[in-house]
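Each chain, letter by letter, is given below.
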Amino acid sequence: MRNAPGLGVLKRLGALLVVIGLLSSSYLFWIRPAQLHWGATPEEVARAMPEDSVVPNPVFDATRAITIRGSPEQVWPWLVQMGFRRAGFYGYDLIENARSGTGIRSARSILPQFQHPHTGDLLPLSVAAALKFGIVEPNSVVVWLAQDVPCDGVFVWQLVPIDAQHTRLISRIRWNYAPGIWFKALGLFTEFADHVAVRKILEGVRDRVERRELEPLALEAVEISSWLLAFFELCVASCVIVFGRRWNAAWLFALGAGALLQFVLYSNAPVWVCTPLPWLYLALMIWSWRRGRAKPVRAPATYQSPEPI
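If you're wondering where the values come from, they're calculated on a predicted model, not measured in any experiment.

**Student:** Would you mind going over the nonpolar core in detail, with residue names and values included?
**Tutor:** Side chains that are nonpolar tend, in soluble globular proteins, to be buried together. In terms of nonpolar packing, the biggest core is built from 36 residues, with Leu79, Met82, Trp144, Trp157, Leu169 and Val205 touching the most fellow members. Among the elements of the structure, strand E1 (60-69), helix H3 (72-80), strand E3 (130-137), strand E4 (141-145), strand E5 (153-161), strand E6 (166-175) and helix H5 (181-209) are those that each provide at least two residues to this core. Leaving out residues up to four positions away in the same chain, Leu169 has contacts with Arg64, Ala65, Ile66, Ile68, Leu79, Trp157, Gln158, Leu159, Leu202 and Val205. Counting 27 residues, the second largest nonpolar core, distinct from the first, contains Ala15, Leu16, Trp227 and Ala254.

Right, here's the structure in full:
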């Protein structure tokens, strides 16, 4: 007998929920804890930092760190000039500096006009958002604060010397989601993107202080395209689960695409490793789809009543 239509829908939805559940579990129990403390030692995670008390019970609490070959006095000018329509953020310039009016590239030199911010000065993050400066202690710490009252976000950047030639740059972010559906959706997006963005910012400061060769914009574009392609593959496979003919195999492709997306976003693997993988996975999906179309689809068996005697 044929399955009831409602049972088929439940199976499809169940398969999609399995994919969502597995990917969510992977993020919550493995990826997120590691990314929240990327590069930081247990002592750095546990230490008190300036203006921690501004957001006493944060939903998001991340401490990351990186070692830079240079003194705090050498790191500070690069750190304090960061910001939209300032020096940029030294991260993913194609995303962060869009519509800045100051060029797509973050600064590759020290800009004197941005070296002396004061508490209360505005710090633009994008065309639509801005923070304000909190504590500014030269060669030691700079704090960015959300403008909401009460304040629901604090961003701390602290320089801790290791020896005469090396400095730890520690980043701490504590925030709560603002009320309202739009702000919660924005907070959810920030939850996933923050791990990637802050890691890149820390590396960008390091590379400038140490005078390393900076990544070409073309390579950055390739990296971003690999994220988008993996996300597209996840969306397509999820749609096939719900609407496609061969949904019972599509959930495997959705799970694989989701795992691939997590890998290219959070693994910090070299670009030459991450970039080809989504394209190879796309080729596998197309091959499987074409192979499935080439196979004849067997009509489901139907119940036939016995011939009358």
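**Student:** Describe the layout of surface pockets, with residues and values.
**Tutor:** Considering only enclosed or pocket space, the second largest pocket measures out at about 600 Å³ in volume. Along the wall of the second largest pocket there are 22 residues; nearest its centre are Val240, Arg246, Met285, Ser288 and Trp289. Secondary-structure elements contributing two or more residues to the lining of the second largest pocket are helix H6 (217-243), helix H7 (247-266) and helix H9 (276-294). If one sorts the elements of the lining of the second largest pocket by residue count, H9 sits on top with nine residues.

**Student:** Any details on the packing of H3 against H5? Residues and values, ideally.
**Tutor:** Close contact between H3 and H5 brings their axes to 10 Å; oriented N to C, the two are set at 125°. The orientation of H3 relative to H5 falls into the category oblique. Note on packing geometry: the crossing formed by H3 with H5 is right-handed. Seen from H3, the contacting residues are Gln74, Val75 and Trp78; seen from H5, they are Val205, Arg208 and Val209. For the contact of H3 with H5, the residue count by class is four nonpolar, one polar and one charged.

**Student:** Can you break down the pairing of E6 residue by residue, with the values?
**Tutor:** In terms of burial, E6 is largely enclosed, as nine of its ten residues are buried. In the sheet, E5 pairs with E6 via nine bridges, with the strands oriented antiparallel. Considered in E6, the bridge of Gly153 is made with Trp175.

Reading guide: rules and limits
Residues numbered from 1 in each chain as written. Predicted model: local features only at pLDDT ≥ 70, side-chain atom pairs only at ≥ 80, totals over all residues. Heavy atoms only, no water. Core = buried A, V, L, I, M, F, W, Y, C linked by side-chain atoms within 4.5 Å. Buried < 20%, exposed > 50% of the residue type's maximum accessible area, 1.4 Å probe, protein only. Helix = DSSP H or I, 4+ residues; strand = E, 2+ residues; numbered from the N terminus. Contact = heavy atoms within 4.5 Å. 1 Å grid on protein atoms, 1.4 Å probe; cavity = no way out; pocket = protein on both sides within 12 Å on 5 of 7 lines; lining within 4 Å. Points joined across faces, edges and corners; volume = space filled by probe spheres on them. Axes fitted to C-alpha atoms, helices over the stretch in contact; angles between N-to-C directions. Parallel < 35°, antiparallel > 145°, perpendicular 65-115°, else oblique. Left-handed = near helix turned anticlockwise from the far one by under 90°. Nonpolar A, V, L, I, M, F, W, Y, C, P; charged D, E, K, R; others polar. Pairing = 2+ DSSP bridges.

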